[in-house]
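Residue strings, one per chain:
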Amino acid sequence: MNLVGAINNALSIALESDPKSVIFGEDVGFGGVFRATVDLQEKYGKERIFNTPLCEQGIAGFGIGLAAEGVTAIAEIQFADYIFPAFDQIVNEAAKYRFRSGGQYDVGGLTIRAPYGAVGHGGLYHSQSPEGFFTHAAGLMVVIPRSPAQAKGLLLASIRQKDPVVFFEPKALYRASTEDVPVQDFEIPLGKAEVLEEGSDITVIGYGAQINVLAKACKKAKDELGIQPELIDLRTLLPWDREAVFNSVRKTGRCVISHEAPTTCGFGAEVAATIQKECFLHLEAPVERVGGYDTPFPLAHEKLYLPDVLKCFDAIEMTMKY
């Protein structure tokens, strides 16, 4: 399966296994702009897969109401860039629902899917990576997969998690490649990072589409610098797997963190600050961050903006030579 096919398969399994589950969003009835929900309405009916008005705040608010009544609500925001009109509903209502009721009520059945990140021609409003905004909201979970199999397992776990989840999908990878994906129902635990490549010289951390970039940078570092980087995919950003990161950094003494989002106040800043506090005596060099520039996402200069393989390799080399 490719990544969008794995998403579709996960949604179908969720609908089949949970009669209380529904999917809604802009154009999802005919499959959505990326075809992630294609054929689901024909299979499960218009009462369970249906279109909404072009109103992200309404989509999120509607999902909160459904989840509060015990429905498994799976909302789609067509592009992550347009999730901001729903920001108040997500961080002030969904994230706080259980806390403000003293645990009497919750909206744990709510999952919000949104395609994020660069795609090569998206420009200002179809390329952004807004995950950092939501990792500041206690009460939410934030999940980002890197591949088809990961997307299926993490999405099913997110839908069944009894906390509201914002699930960002790397749209550049929707049809970029395929891999073997189990056809049966399975889940990947949330809050657990994965060590993709074990190493001893430097820890390299990322998530989502950036993992592919970092894997190439690590290979280049092995070939040209003769070192063994350890590559970690966080997978879940809120809560993130601190223990896995600390264990790696205490072993290697060096760390590079990368994401597409702007560097200033990006999620890498939280990881870097926590590493500095918890692993200070083990560090041989400052923690290095590689992210997007602190500008709006540019159309004409997208290739210059993105933290590509060479930028990540340079960060690895600089950290090794410190």
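Higher on the page you've got the structure.
So, here's what we can say about the structure. (Residues numbered from 1 in each chain as written. Predicted model: local features only at pLDDT ≥ 70, side-chain atom pairs only at ≥ 80, totals over all residues. Heavy atoms only, no water.)

### Re the packing of aromatic side chains
Thought 1: A complete count under the given rule lists 15 aromatic pairs for this structure.
Thought 2: Between Phe-34 and Phe-79 the ring centres are 5.3 Å apart and the planes differ by 65°, which places this aromatic pair in the edge-to-face class. One end of the pair, Phe-34, is in the loop between β1 (21–25) and α2 (40–44); the other, Phe-79, is in the loop between β3 (72–76) and α4 (87–94), and 45 residues separate them in sequence. Like Phe-34, the residue Phe-79 is buried in the burial classification. (Phe/Tyr/Trp six-rings, centres within 6.5 Å; stacked < 30°, edge-to-face > 60°. Helix = DSSP H or I, 4+ residues; strand = E, 2+ residues; numbered from the N terminus. Buried < 20%, exposed > 50% of the residue type's maximum accessible area, 1.4 Å probe, protein only.)

### Topic: the sheet that holds strand β11 (residues 255–262)
Thought 1: Reading across the sheet, the five strands line up as β7-β9-β8-β11-β12 and stay open at both edges, with mixed pairing between neighbours. Of all strands in the sheet, those bounded by a partner on one side alone are β7 (194–197) and β12 (288–292). Taking the axes of each pair of neighbouring strands and ignoring which way they run, one obtains an average angle of 25° across the sheet. (Pairing = 2+ DSSP bridges. Axes fitted to C-alpha atoms, helices over the stretch in contact; angles between N-to-C directions.)

### Here's the deal with unusual backbone geometry
Thought 1: With an omega of 0°, the peptide bond between Leu-238 and Pro-239 qualifies as cis.
Thought 2: By secondary structure assignment, the location of Pro-239 is in the loop between β10 (236–238) and α9 (242–252).
Thought 3: Its identity as a non-glycine residue notwithstanding, Asp-27 has a phi of 70°, on the positive side.
Thought 4: Tracing the sequence through the fold places Asp-27 in the loop between β1 and α2.
Thought 5: The partly exposed category is assigned to Asp-27, whose relative accessible area is 29%.

### Side note on a nonpolar patch on the surface
Thought 1: Together, Tyr-82, Leu-124 and Tyr-125 make up an exposed nonpolar region whose accessible area comes to about 300 Å².
Thought 2: Checked against the element boundaries, Leu-124 lands in the loop between β4 (110–116) and α6 (131–134).
Thought 3: The partly exposed category is assigned to Leu-124, whose relative accessible area is 42%. (Patch = residues over 30% accessible without salt bridge, like charges linked within 9 Å, V, L, I, M, F, W, Y side chains within 5 Å. Areas by Shrake-Rupley, 256 points an atom, 1.4 Å probe, with all protein chains shown as cover. Salt bridge = Lys/Arg side-chain N within 4 Å of Asp/Glu carboxyl O.)

### Looking at the pattern of salt bridges
Opposite charge on two side chains lets them pair, provided their charged atoms get close.
Thought 1: If you walk through the whole model with that rule in mind, you get 16 salt bridges.
Thought 2: The salt bridge involving Arg-160 is made with Asp-185; its shortest N-O contact spans 2.8 Å. With a gap of 25 residues between them, Arg-160 in helix α7 (residues 148–160) and Asp-185 in the loop between β6 (165–170) and β7 connect regions that are remote in the sequence.
Thought 3: Note that Lys-251 and Glu-230 form a salt bridge whose closest N and O atoms lie 2.6 Å from each other. With Lys-251 in helix α9 and Glu-230 in strand β9 (residues 229–233), this pair connects stretches of sequence that are 21 residues apart.

### With respect to the sheet that holds strand β2 (residues 49–51)
Thought 1: A sheet is described by the order of its strands in space; here seven strands give the open sequence β2-β1-β3-β4-β6-β5-β10, paired in mixed fashion. With one partner strand each, in any of the chains shown, β2 and β10 form the two edges of the open sheet. Going across the sheet, the axis of each strand differs from the next one's by a mean of 20°, ignoring polarity.
Thought 2: Bridge count between strand β5 (residues 141–143) and β10: two bridges; the pairing is antiparallel. The residue of β10 that forms the bridge with Val-142 is Leu-238.
Thought 3: The sheet strands contacting helix α1 (residues 3–17) are β1, β2, β3, β4 and β6, and the helix crosses β1 at an angle near 135°. (Contact = heavy atoms within 4.5 Å.)

### Details of α9
Thought 1: For α9, every residue scored as buried is listed here: Ala-244, Val-245, Phe-246, Ser-248, Val-249 and Thr-252.
Thought 2: On its buried face, α9 sits against β8 (202–206), β9, β11 and α10 (267–278).
Thought 3: Remark: Gly-253 follows α9 within two positions and exhibits a positive phi of approximately 80°.

### Here's the deal with the side chain of Asp-81
Thought 1: Here Asp-81 lies in the loop between β3 and α4.
Thought 2: Of the side chains with opposite charge, Lys-171 comes closest to the buried, unpaired Asp-81, at an N-O distance of 4.5 Å.
Thought 3: One polar contact links the side chain of Asp-81 to the main-chain amide nitrogen of Ser-127, over a distance of 2.9 Å.
Thought 4: Leaving out residues up to four positions away in the same chain, Asp-81 has contacts with Leu-124, Tyr-125, His-126, Ser-127 and Gln-128. (Lys, Arg positive; Asp, Glu negative; His and termini not counted. Polar contact = N/O pair within 3.5 Å; in protein donor to acceptor, adjacent residues only side chain to side chain.)

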